[in-house]
Amino acid sequence: MQPTRNNPPLQGASRGDALSFARVSVMLFSASFASAGVSASAQVADPASQTATALPDTIKQREQELEATRAQQRSAAELQQKLKAEIAAIGQDRSKLNAQLIDIAAQVRTVETRIDDAEARLRPLDTREKQIRSSLDSRRAEVVEVLAALQRAGRRTPPALLVRPEDALQSLRTAILLGAVVPELRARAESLAKDLAELVALRKAIGSERDRLSADRDKLRDDQTRLAALVDERQRKQSEAEKDLETEGARALVLSKQVDSLQGLIGKMEQDLKSAAKAAAAASQQGTPGMADGKPNVGGLKNPARLSPAVAFASAKGLLALPVNGVKIREFGGSDGAGGAEKGISLATRAGAQVTTPCDGWVVYAGPFRSYGQLLILNAGGGYHVLIAGMGRISVNIGQFVLTGEPVATMGTTSQVASILAANASQPVLYIEFRKDGTPIDPGPWWAANEGEKVRG
């Protein structure tokens with residue numbers, strides 16, 4: 001048979017080999033691009049047939065979703081029973097309750113960090129996958145051209161196959177080995193093989209990351225449930241010990257409306273509110289914690305039953321952990337956007353992030369205040385106060401002594417601090433300020449440089 005322009009001679013192989021390669025290649029390209037979401041030609045199916053096929057699949061999917069929901073409900077019920085047993089076992093042992101609170105709060109923040117890291121790793125993977133898919137889609141015309149040439153060579157219509165990218169990749173590698181039969185297709189096959197290989201690797205990486213992310217989210221949910229139960233138990237016992245907490249809280253809100261500044265609020269609380277005054281008196285009378293070889297005795301932080309700071313605040317430089325996981329967006333001394341200087345630092349956080357205390361201290365205010373949203377003020381002793389603002393909910397009461405690393409609040413879903421809202425922050429922001437004898441000071445020297453140096457309760 002004489003060669004034609006549309007069907008060039010195939011050198012170095014028999015016609016049978018050429019036809020075999022053509023058929024394999026047609027199947028390969030059809031399968032590859034179907035699996036990648038890039039069809040060479042549209043195939044119209046019978047709508048009634050599609051509906052009949054889809055209906056059982058939809059029912060099966062709904063059944064699977066229902067069973068998953070039931071499994072979650074059973075798991076939640078089992079967890080609640082376990083929590084009740086744990087709380088009952090704790091009884092009136094304050095030290096055990098504190099130890100569990102600090103431990104679970106630390107676990108929550110660790111899982112939050114893992115989730116943030118996983119989401120950060122997924123973003124570039126998802127972006128690259130979209131780029132590869134877009135590249136394959138942009139080569140639709142080229143694929144149609146190659147398929148048409150292979151159809152003419154093979155004198156038969158390519159079978160419609162849908163295979164996994166892994167199968168398509170293996171077929172492509174086989175086609176490359178046979179590329180000597182049809183040299184002009186080799187470069188195209190190699191290019192497609194490279195894209196498919198990367199797509200397969202990306203899918204595996206994304207799948208693994210999403211599996212880990214899902215497991216971490218499940219653990220976070222369970223840990224948050226456990227933590228909420230322990231916090232409720234802590235506050236219930238606190239309420240039993242302080243019968244007038246509700247009255248004191250209402251009075252604190254009234255007093256807070258009579259002052260305009262944070263320093264005025266601190267003074268008003270510690271002078272006019274019985275529980276805050278009691279906390280301030282305890283802070284001034286407890287004295288300076290002991291030192292070991294001129295260094296703070298961090299071993300005292302291991303005592304969950306303590307009722308006063310284990311480490312003097314002035315001696316805790318380089319030891320404190322930030323109260324929440326987040327990204328620093330404002331520094332002490334920087335511009336506040338209104339012609340002034342920042343008196344504290346601001347951290348952008350996850351919605352619902354756990355907030356813990358950076359140090360031991362007495363709560364002298366807990367509630368809303370002016371443009372700060374929800375505000376928590378701790379008297380850390382020695383004339384130092386720690387102010388934390390912008391949370392969605394505070395879970396401690398005025399007059400309460402809290403330990404380093406103890407859960408005291410959770411973030412909301414948006415920023416609560418007016419100055420941050422003015423800057424169009426799109427996520428919750430926590431504001432932290434340190435004061436010495438009423439004057440804001442740079443908190444930088446107090447923060448630990450790395451995880452291993454942070455003090456833990």
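Structure report, in brief. Note that the structure is a prediction, hence the values are computed from the model and not measured. (Residues numbered from 1 in each chain as written. Predicted model: local features only at pLDDT ≥ 70, side-chain atom pairs only at ≥ 80, totals over all residues. Heavy atoms only, no water.)

**Some remarks on the overall build of the protein**
- A tally of helices and strands in the protein yields ten helices and 13 strands.
- Counting over 457 residues, the protein shows a buried share of 41%.
- For the protein, restricting intrachain contacts to residue pairs at least 6 apart in sequence, the fraction spanning at least 24 positions comes to 73%.
- Carbon and sulfur atoms make up 52% of the accessible area of the protein, which totals about 23700 Å². (Helix = DSSP H or I, 4+ residues; strand = E, 2+ residues; numbered from the N terminus. Buried < 20%, exposed > 50% of the residue type's maximum accessible area, 1.4 Å probe, protein only. Contact = heavy atoms within 4.5 Å. Areas by Shrake-Rupley, 256 points an atom, 1.4 Å probe, with all protein chains shown as cover.)

**Digging into unusual backbone geometry**
- A positive phi angle is found at Arg 370, which is not glycine, with a value near 45 degrees.
- Looking at the secondary structure, you find Arg 370 in the loop between strand E6 (361-368) and strand E7 (374-381).
- Residue class for Arg 370 comes out partly exposed when judged on its relative accessible area of 48%.

**Examining the sheet that holds strand E11 (residues 407-410)**
- Spatially, three strands are ordered E5-E11-E9 in an open sheet, and the strand pairing comes out antiparallel. Looking at which strands have only one partner, the edges of the open sheet turn out to be strand E5 (354-356) and strand E9 (393-394).
- By the bridge criterion, two bridges tie E9 to E11 in an arrangement that is antiparallel. Within the sheet, the bridge partner assigned to Arg 393 lies in E11 and is Thr 410.
- Where helix H3 (residues 94-138) meets the sheet, its contacts fall on E5 and E11, and the angle it forms with E5 comes to roughly 130 degrees. (Pairing = 2+ DSSP bridges. Axes fitted to C-alpha atoms, helices over the stretch in contact; angles between N-to-C directions.)

**Topic: the side chain of Thr 356**
- Mapped onto the elements, Thr 356 comes out in strand E5.
- Among the polar contacts made by the side chain of Thr 356, one reaches the side chain of Arg 109 at a distance of 2.8 Å.
- In this structure Thr 356 touches Ala 105, Arg 109, Pro 323, Gly 405, Glu 406, Pro 407 and Val 408, once residues within four positions along its chain are discounted. (Polar contact = N/O pair within 3.5 Å; in protein donor to acceptor, adjacent residues only side chain to side chain.)

**Details of the packing of helix H7 (residues 245-256) against helix H8 (residues 262-272)**
- The interhelical angle for the contact between H7 and H8, taken along N-to-C directions, is 140 degrees, at an axis separation of 10 Å. Judged on the interaxial angle alone, H8 and H7 are oblique. For the element pair H7 and H8, the recorded crossing hand is right-handed. Seen from H7, the contacting residues are Arg 251, Ala 252, Leu 255 and Ser 256; seen from H8, they are Leu 265, Lys 268, Met 269 and Asp 272. (Parallel < 35°, antiparallel > 145°, perpendicular 65-115°, else oblique. Left-handed = near helix turned anticlockwise from the far one by under 90°.)

**Observations concerning the nonpolar core**
- Among the nonpolar cores identified, the biggest contains 32 residues, and Phe 313, Val 355, Met 391 and Phe 434 are the most heavily contacted of them.
- Looking at this core, the elements that each hand over two or more residues are strand E4 (345-349), E7, strand E8 (384-391), E11 and strand E12 (429-436).
- Per-element accounting of this core gives the leading share, four residues, to E8.
- Excluding residues that lie within four positions of it along the chain, Phe 434 makes contacts with Phe 313, Leu 320, His 385, Val 386, Thr 439, Pro 440, Ile 441, Pro 443, Trp 446 and Trp 447.
- Formed by 25 residues, the second largest nonpolar core is a distinct cluster that contains Ala 252, Val 259, Leu 265 and Ile 398. (Core = buried A, V, L, I, M, F, W, Y, C linked by side-chain atoms within 4.5 Å.)

**A few points about the side chain of Arg 109**
- Tracing the sequence through the fold places Arg 109 in helix H3.
- Among buried Asp, Glu, Lys and Arg side chains, Arg 109 stands out as unpaired, with Glu 112 the closest opposite charge at 5.1 Å.
- Side-chain polar atoms of Arg 109 contact the backbone oxygen of Leu 322, separated by 2.9 Å.
- Leaving out residues up to four positions away in the same chain, Arg 109 has contacts with Leu 322, Pro 323, Val 324, Asn 325, Gln 354 and Thr 356. (Lys, Arg positive; Asp, Glu negative; His and termini not counted. Salt bridge = Lys/Arg side-chain N within 4 Å of Asp/Glu carboxyl O.)

**Concerning the environment of Ser 214**
- With respect to the helices and strands, the residue Ser 214 is situated in helix H6 (residues 183-241).
- Judged by its relative accessible area of 37%, Ser 214 is partly exposed.
- Along the backbone, Ser 214 and Ile 115 are 99 residues apart, and their C-alpha atoms lie at a distance of 9.0 Å.

**What to know about helix H9 (residues 274-285)**
- Along its twelve residues, H9 runs 16 Å from first to last C-alpha, staying within 8% of the 16 Å computed at 1.5 Å per residue.
- Of the residues making up H9, those classed as buried are Ser 275, Ala 276, Ala 279, Ala 280 and Ala 283. In an axial view of H9, the angular spread of the buried residues amounts to 135 degrees, which keeps them on one side of the axis. Across from the buried face of H9, at angles greater than 90 degrees, the exposed residues are Lys 274, Lys 278, Ser 284 and Gln 285. (Expected span 1.5 Å × (residues − 1). Arc of directions from axis to C-beta.)

**As for the packing of aromatic side chains**
- Going through the model one piece at a time under the given rule, you end up with nine aromatic pairs.
- With 4.9 Å between their ring centres and 45 degrees between their planes, Phe 313 and Tyr 384 make a pair best called tilted. One end of the pair, Phe 313, is in the loop between strand E2 (295-296) and strand E3 (326-330); the other, Tyr 384, is in strand E8, with 71 residues separating them in the sequence.
- Residue classification places Phe 313 among the buried residues on the basis of a relative accessible area of 4%.
- According to the relative accessible area criterion, Tyr 384 is buried, its value standing at 12%.
- Seen from their ring centres, Trp 362 and Phe 401 are 4.9 Å apart, and the 55 degrees between their planes marks the pair as tilted. Of this pair, Trp 362 sits in strand E6 while Phe 401 is found in strand E10 (residues 401-402), placing the two residues 39 residues apart along the sequence. Judged on exposure class, the residue Trp 362 and its partner Phe 401 are both buried.
- Put simply, the rings of Phe 313, Tyr 384, Phe 434, Trp 446 and Trp 447 touch in pairs and so form one group of aromatic residues.
- In this structure, Lys 317 is placed above the aromatic ring of Trp 446, and the distance from its NZ or CZ to the ring centre is 4.9 Å.
- For Lys 436, the ring lying beneath its charged end belongs to Tyr 384, and the centroid distance is 5.3 Å. (Phe/Tyr/Trp six-rings, centres within 6.5 Å; stacked < 30°, edge-to-face > 60°. Lys NZ or Arg CZ within 6 Å of the ring centre and 35° of its normal.)

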